[in-house]
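Next come the chains, spelled out residue by residue.
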Amino acid sequence: MIHFYIQKSFRAGAKTFSLDVEYALVAGAVLGIRGPSGSGKTSLLRCLAGLERPDGGFVRDDKDFWFDGRRNLFVPARKRNVGLVFQDYALFPHMTVLGNLLYACNDRPKAWDFLDLVKLTDQAHHFPRELSGGEKQRTALARALVREPKLLLMDEPLSALDEELRDSLGEEILRVQKETGVTTVVVSHSRHEIDVLATEVMELADGRLDPNKHLF
Amino acid sequence: MDWLPFWVSLQLGLWVTGLLLLIAFPLAWWFAFSQRGWVVWVESLVSLPMVLAPTVLGFYLLLFLSPNGPVGQFFLNTFGIRLVFSFPAIVIAGCVSSLPFMVTGLKTGLLGVPTVLLEASATLGKGQVETFFRVVLPNMKGGLVSGMVLTFAHSLGEFGVVLMIGGSLPGVTKVVSIAIYEKVESLDFETAHLYALILVLVAYPGVLLLNHLQRQGARRSR
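How each quantity is defined
Residues numbered from 1 in each chain as written. Chains lettered and ligands numbered in written order. Predicted model: local features only at pLDDT ≥ 70, side-chain atom pairs only at ≥ 80, totals over all residues. Heavy atoms only, no water. Contact = heavy atoms within 4.5 Å. Buried area = accessible area lost by both parts, 1.4 Å probe. Salt bridge = Lys/Arg side-chain N within 4 Å of Asp/Glu carboxyl O. Helix = DSSP H or I, 4+ residues; strand = E, 2+ residues; numbered from the N terminus. Domains from an automatic or database assignment. Polar contact = N/O pair within 3.5 Å; in protein donor to acceptor, adjacent residues only side chain to side chain. Pairing = 2+ DSSP bridges. Axes fitted to C-alpha atoms, helices over the stretch in contact; angles between N-to-C directions. Phe/Tyr/Trp six-rings, centres within 6.5 Å; stacked < 30°, edge-to-face > 60°. Lys NZ or Arg CZ within 6 Å of the ring centre and 35° of its normal. Parallel < 35°, antiparallel > 145°, perpendicular 65-115°, else oblique. Left-handed = near helix turned anticlockwise from the far one by under 90°. Nonpolar A, V, L, I, M, F, W, Y, C, P; charged D, E, K, R; others polar. Buried < 20%, exposed > 50% of the residue type's maximum accessible area, 1.4 Å probe, protein only. Expected span 1.5 Å × (residues − 1). Bend = angle between axes of the 7 residues up to and from the residue. Core = buried A, V, L, I, M, F, W, Y, C linked by side-chain atoms within 4.5 Å.

Draft legend 1. Looking closely at the interface of chain A and chain B. At the interface, 18 residues of chain A touch 17 residues of chain B. Summed over both sides, the interface of chain A with chain B buries roughly 1600 Å², with 65% coming from carbon and sulfur. Counting the surface chain A buries against chain B, the share from its top three residues, Arg78(A), His94(A) and Tyr103(A), is 40%. Here chain A is connected to chain B by one salt bridge. Salt-bridge contacts for Arg46(A) lead to Glu119(B); the nearest nitrogen and oxygen are separated by 2.7 Å. Mapped by element, the contributors of at least two residues to the side of chain A that touches chain B are β7 (82-85) and α2 (97-104) of chain A.

Structure follows, in structure tokens:
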């Protein structure tokens, strides 16, 4: 179970904004967090990934603490085994699709297995600049998953894609998530995107997670 | 024709470029990513040789490296080496004089690497050293080459600082630019012309490569 309680103040334009969220996520579940731009979704993901340090609270995987404000404990991103799919994919432009996966996990057969999982074996030796938006997204997903992370984080995974591709890739991500069974947190401003991907839905409003707002 | 000045210049260029690669990388990283306001003061100091008259730089270096200066005295007492009018002295002078060219190139290259790639590398379990060699370096080729070419070319053309700190000792500190100056002084225009032409022919491919890389970079960012 991933359990987090994150307190974080940050600046959004001229005003200061506070994030104060808690959630316990059972293994294998997909939590979808919807919220408008500037609501702190990306900051929340960054705190979970270890790219930003929360001001207070905790993040833990069962009894394993990744962050504990009271004990001043902070495990950095590289030691958390968390997979993060960035909004703009963040693929390494000088590496092929296979190279991107091998960078994450130096195990060639496993890398091929994950390329197969996201149906990208034909594009294995292509560079990111030669890929379509959907292929880039699937590469980013495979790269995040190949290390078999304890937690998968996805930042607006479908928003950069056109409408047709969005639905098919949404199903694809869902299938991969089910096959790997990885606990996942998805954030997006799009209700549709969250509905397609998530098994549990929360709304991020005024820096707090609101379970009721998603009921519509 | 005496090729010795070319050999000294080539050695000077290689030494300065190699040493500055090591010295300038941490500085460029610091200047590119430090949030501290006073860093700009240090950066400006490092850039000073770009705008200072070489004689000003040469004069201060002479004070520092002479047997009575702090660095010169240290070398003389510790290693028994008299720095001024020696090859190591012109290498030190070349490093100080070319430092801003290398730092600027590397800093531009570092700033061109998207931060998100560094973050992606961290989330994939990689430390700073591995990220530097496998992600940062390959994605800053333009800045790296630009810094190296500018530094090497600048070292080849070094004149004022080298003359002040190294004099004109054949095979030791007499670089091509000094050889040209001496040939002109002795009215041997033919040899001076030949030396100068060779320098132009060596410099042109470097500048061509730089412009090619800049155009390539501009095309990619469009």
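Draft legend 2. Region of the structure containing the domain arrangement of chain A. Residue and element names in this part refer to chain A. For chain A, the assigned domains are domain 1 (2-81 + 151-209) and domain 2 (94-148). Taking only C-alpha atoms into account, the centre of domain 1 sits 23 Å from that of domain 2. Of the residues lining the interface, 16 residues belong to domain 1; the matching set on domain 2 comes to 13 residues. Across the domain 1/domain 2 interface, buried area totals approximately 1100 Å², and carbon plus sulfur atoms make up 67% of it. At the junction of domain 1 with domain 2, the criterion picks out zero salt bridges. Counting across the domain 1 and domain 2 interface gives three residue pairs in polar contact (both at pLDDT 80 or more).

Draft legend 3. Inspection of the side chain of Glu135(A) at higher detail. Relative to the elements of secondary structure, Glu135(A) occurs in helix α4 (residues 133-145). Every residue in contact with Glu135(A), bar those within four places of it in the chain, is listed here: Leu120(A), Gln123(A) and Glu130(A).

Draft legend 4. Quick peek at the sheet that holds strand β11 (residues 208-210) of chain A. Residues and elements named next belong to chain A. Taken in spatial order, the six strands line up as β7-β8-β9-β3-β10-β11 in an open sheet, and their pairing is mixed. Both outer strands of the open sheet, β7 and β11, are each paired with one neighbouring strand and no more. The sheet shows a mean angle of 25 degrees between the axes of neighbouring strands, direction not considered. Examined bridge by bridge, strand β8 (residues 151-155) and strand β9 (residues 183-188) share five bridges and lie parallel to one another. Each residue of the ladder has a partner; that of Leu152, found in β9, is Thr184.

Draft legend 5. Focus on the packing of aromatic side chains. Across all of its chains, the model carries 18 aromatic pairs over all chains by this definition. Through a chain of ring-to-ring contacts, three or more aromatic side chains come together here, namely Phe25(B), Trp29(B), Phe33(B), Phe132(B) and Phe133(B). Positioned above the aromatic ring of Phe65(A) is the side chain of Arg71(A), whose terminal nitrogen or guanidinium carbon lies 5.0 Å from the ring centre. We note Arg129(A) situated over the ring of Phe127(A); from NZ or CZ to the ring centre the distance is 4.9 Å.

Draft legend 6. Broad picture of the pattern of salt bridges. Evaluation of the coordinates by the stated rule reveals 17 salt bridges over all chains. In this structure, the salt-bridge partner of Glu148(A) is Lys110(A), at a minimum N-O distance of 3.1 Å. With a gap of 38 residues between them, Glu148(A) in the loop between α4 and β8 and Lys110(A) in helix α3 (residues 108-117) connect regions that are remote in the sequence. The partner of Lys107(B) in a salt bridge is Glu43(B), with the nearest N and O atoms 2.7 Å apart. Of the two residues, Lys107(B) is situated in helix α5 (residues 87-111) and Glu43(B) in helix α2 (residues 39-47); the sequence distance between them amounts to 64 residues. Linked through salt bridges whose partners overlap, the residues forming this network are Lys8(A), Arg46(A), Glu52(A) and Glu119(B).

Draft legend 7. Examining the packing of α4(A) against helix α5 (residues 163-180) of chain A more closely. Residues and elements named next belong to chain A. Packing of α4 against α5 brings their axes to within 11 Å, and their N-to-C directions diverge by 15 degrees. What the angle tells us is that α4 and α5 run roughly parallel. Here α4 and α5 pass one another in a crossing that is right-handed. In this structure, α4 contributes Gly134, Gln137, Arg138, Leu141 and Leu145 to the contact, and α5 contributes Leu165, Leu169, Glu172, Ile173, Val176 and Thr180. Residues that form the contact of α4 with α5 fall into these classes: six nonpolar, three polar and two charged.

Draft legend 8. Highlighting the environment of Phe10(A). Residue and element names in this part refer to chain A. By secondary structure assignment, the location of Phe10 is in strand β1 (residues 2-12). Looking at Phe10, the relative accessible area reads 16%, which means it is buried. Separated by 46 residues in the primary sequence, Phe10 and Gly56 place their C-alpha atoms 13 Å from one another. Ignoring sequence-local partners within four residues, the contact set of Phe10 consists of Lys15, Thr16, Phe17, Leu19, Gly40 and Ser43.

Draft legend 9. Local environment of unusual backbone geometry. All names here are of chain A. Positive phi outside glycine occurs at Asn81, with the angle close to 55 degrees. By relative accessible area, which is 22% here, Asn81 ends up partly exposed. Of note in the backbone geometry, Glu156 takes a positive phi value of approximately 45 degrees without being a glycine. Note on placement: Glu156 falls in the loop between β8 and α5. We classify Glu156 as buried; its relative accessible area is 6%.

Draft legend 10. Region of interest: helix α1 (residues 4-33) of chain B. With 30 residues, α1(B) should reach 44 Å at 1.5 Å per residue; the first-to-last C-alpha distance of 43 Å fits that figure. Most pronounced at Ala24(B), the bend in α1(B) amounts to some 35 degrees, and the proline Pro26(B) follows within four residues.

Draft legend 11. The nonpolar core, seen in detail. Residue and element names in this part refer to chain A. Grouped together as the largest cluster of nonpolar side chains are 80 residues, with contacts concentrated most on Phe4, Ile6, Leu48, Leu141, Leu153 and Val185. The element best represented in this core is α2, accounting for six residues. Mapping this core onto the domain boundaries places at least three of its residues in each of domain 1 (2-81 + 151-209) and domain 2 (94-148). What Ile6 contacts, discounting residues up to four positions off in sequence, is Leu19, Asp20, Val21, Leu44, Cys47, Leu48, Pro54, Gly56, Phe58 and Val59.

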